[in-house]
Amino acid sequence: MATKLKEKLAEKIEEWRPRTERLMEEYGNVEVDKVTISKILGGMRGLKSLVTDISYLDPMEGIRYRGYTLPEVFKNLPKPKGAEMPYVEGLFYLLLTGEIPNDEEIADVVDEFSRRRIIPRYIYELIDAFPCCSHPMTIFSSAILSMHRESFFTKKYNAGVHKKDYWDPMYEDSLNLIAKLPEIATYIYSKIYRDGKRIQSNPNLDFGGNFAFMMGKEKPYDDVSRLHFIIHSDHESGNVSAHTGHLVASSLSDIYLSISAMVNGLAGPLHGLAAQGVLQWLHELIERMGGEEVEPSVEEVKQYVWETLNSGQVIPGFGHAVLRKTDPRYSLQREFSLKHLKDDAIFKYVDILYNVVPPILQEQGKAKNPWPNVDAQSGVIQWHYGVREYDFYTVLFGIGRAIGIAANIIWDRALMYPLERPKSLTTDMLEEIAGIKKKKESK
Ligand code: HAX
């Protein structure tokens, strides 16, 4: 039986398809951007060459989900009774349909996730089998990958489903996977850090509430989880994790293969791993200052920042490839921190860095964006609420990001986007285009 969300999505897809078809058929040759050599050699920074309707990142304003700024998302999405933060399920509804759900529509998604949350036995065995000191992101990615055998999409594809209907089994797989991510992540957490003592899920709780419950955390960790998953869910399509998920899915790999690949992209230190990098770096600073009890000195913090830069390293949690102002995801977490952890010893350092790092990066003159990004704040909140194993932080990011990427992949299939396949050139060819080298005579 189709649920309210799936029915709504089916309507939206039918409405949307003619727009994409028309652009392709009647306006396919209209130029959008120029490809220069610096764009090719510079990681395609800023090249307008992808499409998504789920989120848009303005360099000055930050991310909008379906046209809503983050403060608007948090204001408009319904919240569980007594909660400060909205339902993650409501966010998923918004990303998929572009509409703010009502209570009944939210209840429908809460129920969907709850029914699909149980993970196969072999996932526990797989996680148990990992050798000591494996990074939680490696285990997380492998656990997701191993569920490829469950893919409904792959079964339907092999049986010969019509291209127009690909989105339907992709939707089913996506819900099945998203619902299981909190279970997988919390089992990894209990296995690595709590001698395998896991807390069974509570089917009566929402996504964020149940995650907090399985982590064994009291309120307001449920709100911390909702906030965290919502702000990390999507950041348009060009960032490494989003782009990887989209790219892999374009070969009609199922959601398990695609989200596992996206998690691997997120695990790099210039991307999602910065969440753990910030805490590592902060702890080195705190240790050097004499421990958490010692009031931080602004001058010594400045010196530490300069030493990091002079040793050729980046300041984790600062800078961005697209943003040119303080990340609103940072600001929202800062607001939360000012309310709930104002006196936290590490937050005091974060607060100093907020003021100290941007002018130093400006003075150094390299970073195009000296302002803090999402990762500069997220780990501190986790640390405050007792999640102190900071190599787990990127897994938390991965749960949120999977929600946005899955929504994108469902729409990729709904709009029948093709296999992604840009063209590469050789350095010789670029030199010829630049006029440095003469074109070789063909034999
Ligand atoms: N500290 C020191 N130097 C920095 C810097 C920082 N925080 N941010 C940028 N720079 C340097 C770059 O390393 C680059 O130096 P080189 O010319 O020597 O290579 C120069 O400034 C220009 O870089 P840019 O154009 O401003 O930035 P990029 O688009 O190349 O990179 C990054 C964007 C986010 C990767 C970068 O700002 C960085 O490394 N930040 C620190 C790591 C971090 O916080 N990553 C998380 C970003 C948010 C995210 O994706 N979360 O998942």
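Here, every reference points to the structure presented above.
Residues numbered from 1 in each chain as written. Predicted model: local features only at pLDDT ≥ 70, side-chain atom pairs only at ≥ 80, totals over all residues. Heavy atoms only, no water.

Draft legend 1. Focus on the overall build of the protein. Within the protein one finds 20 helices and three strands. Against the globule reference of 22 Å for 443 residues, the protein gives a C-alpha radius of gyration of 23 Å, in line with a compact fold. Over its C-alpha atoms, taken along the principal directions, the protein stretches across nearly 65 × 65 × 45 Å. In the protein, which comprises 443 residues, the share counted as buried stands at 51%. The contacts of the protein with a sequence gap of at least 6 include a subset with a gap of at least 24, amounting to 75%. Accessible surface, the protein: about 21100 Å² in total, of which carbon and sulfur atoms supply 53%. (Helix = DSSP H or I, 4+ residues; strand = E, 2+ residues; numbered from the N terminus. Rg over C-alpha atoms; globule rule 2.2 N^0.38 Å. Buried < 20%, exposed > 50% of the residue type's maximum accessible area, 1.4 Å probe, protein only. Contact = heavy atoms within 4.5 Å. Areas by Shrake-Rupley, 256 points an atom, 1.4 Å probe, with all protein chains shown as cover.)

Draft legend 2. Looking closely at unusual backbone geometry. Between Lys219 and Pro220 the backbone carries a cis peptide bond, its omega angle lying at 5 degrees. Counting through the fold element by element, Pro220 comes out in the loop between helix H10 (207-215) and helix H11 (221-231). The backbone of Arg66 shows a phi angle near 50 degrees, a positive value even though the residue is not glycine. As for its placement among the helices and strands, Arg66 is situated in the loop between strand S2 (62-65) and strand S3 (68-69). Residue Glu236 is not a glycine yet carries a positive backbone phi of 45 degrees. Note on placement: Glu236 falls in the loop between H11 and helix H12 (240-249).

Draft legend 3. Inspection of the pattern of salt bridges at higher detail. A full pass over the atoms with the stated rule returns 30 salt bridges. Asp206 is paired through a salt bridge with Arg226; the nearest N and O atoms lie 2.9 Å apart. Residue Asp206 is located in the loop between helix H9 (167-193) and H10, and its partner Arg226 is located in helix H11; the two are separated by 20 residues in the primary sequence. Across the pair, Arg226 and Asp206 agree in class, each one buried. Between Asp223 and Arg226 there is a salt bridge; the shortest N-O distance is 2.9 Å. (Salt bridge = Lys/Arg side-chain N within 4 Å of Asp/Glu carboxyl O.)

Draft legend 4. Molecular detail of the pairing of S2. Pairing of strand S1 (residues 55-58) with S2 involves four bridges; the strand directions are antiparallel. Across the sheet, residue Tyr56 finds its bridge partner in S2, namely Arg64. In this antiparallel pair of consecutive strands, S1 and S2, the connection spans three residues. Where S2 and S3 come together, two bridges link them in antiparallel fashion. Note that in S3 the partner of Arg64 across the bridge is Thr69. Connecting S2 to the antiparallel partner S3 that follows it, the hairpin turn spans two residues, and Arg66 within it adopts a positive phi of roughly 50 degrees. (Pairing = 2+ DSSP bridges.)

Draft legend 5. Focus on empty space enclosed by the protein. Evaluation of the coordinates by the stated rule reveals five cavities of 30 Å³ or more. Each pocket or cavity is described by its volume, and for the largest cavity that value is around 110 Å³. In this structure, the largest cavity is lined by 14 residues; those nearest its centre are Phe113, Arg117, Leu205, Phe207 and Asn210. Looking at the lining of the largest cavity, the elements with two or more residues in it are helix H5 (103-115), H9 and H10. (1 Å grid on protein atoms, 1.4 Å probe; cavity = no way out; pocket = protein on both sides within 12 Å on 5 of 7 lines; lining within 4 Å. Points joined across faces, edges and corners; volume = space filled by probe spheres on them.)

Draft legend 6. Main features of the nonpolar core. Counting 117 residues, the largest nonpolar core has Phe92, Phe140, Ile184, Leu282 and Val305 as the members making the most contacts within it. The element best represented in this core is helix H19 (residues 393-414), accounting for 14 residues. (Core = buried A, V, L, I, M, F, W, Y, C linked by side-chain atoms within 4.5 Å.)

Draft legend 7. Region of the structure containing the site of the ligand. Close contacts around the ligand come from 21 residues, with Arg45, Gly317, Phe318, Lys368 and Asp375 the closest. Take His271: an N or O atom from its side chain is 2.9 Å from an oxygen atom of the ligand. Its residues placed into classes, the shell around the ligand shows 11 nonpolar, six polar and four charged. (Near = heavy atom within 4 Å. Polar contact = N/O pair within 3.5 Å; in protein donor to acceptor, adjacent residues only side chain to side chain. Nonpolar A, V, L, I, M, F, W, Y, C, P; charged D, E, K, R; others polar.)

Draft legend 8. Here's a closer look at the side chain of Ser141. The residue Ser141 is located in helix H7 (residues 136-146) in this model. If we ignore the near neighbours within four places in the chain, the residues touching Ser141 are Ser260, Val263 and Asn264.

Draft legend 9. Summary view of the layout of surface pockets. Roughly 180 Å³ of internal volume is contained in the second largest pocket. What lines the second largest pocket is Pro71, Phe74, Lys75, Lys79, Glu84, Met85, Pro86, Leu227, Leu332, Glu335, Phe336 and Lys339. Listed by contribution, the elements that provide at least two residues to the lining of the second largest pocket are helix H3 (70-76) and helix H16 (328-340). Here the lining of the second largest pocket gets four residues from one element, more than from any other, and that element is H16. Of the residues contributing to the lining of the second largest pocket, the split by class is seven nonpolar, no polar and five charged.

Draft legend 10. Spotlight on the sheet that holds S3. Across the sheet, three strands lie side by side as S1-S2-S3; this open sheet has antiparallel pairing. The sheet terminates laterally at S1 and S3, the two strands that pair on one side only.

Draft legend 11. Spotlight on the packing of aromatic side chains. What the rule picks out here adds up to 18 aromatic pairs. The interplanar angle of 65 degrees and the centroid separation of 5.9 Å between the aromatic rings of Trp16 and Trp411 together place this pair among those described as edge-to-face. Of this pair, Trp16 sits in helix H1 (residues 4-27) while Trp411 sits in helix H19; the two residues are 395 residues apart in sequence, bridging distant segments of the chain. We classify Trp16 as partly exposed; its relative accessible area is 21%. Trp411 gets classed as buried once you look at its relative accessible area, which sits at 7%. Linked through ring pairs, Phe92, Phe113, Phe207, Phe211 and Phe229 together constitute an aromatic cluster. Across the ring face of Trp16, the terminal group of Arg19 is positioned such that the distance to the ring centre comes to 4.3 Å. (Phe/Tyr/Trp six-rings, centres within 6.5 Å; stacked < 30°, edge-to-face > 60°. Lys NZ or Arg CZ within 6 Å of the ring centre and 35° of its normal.)

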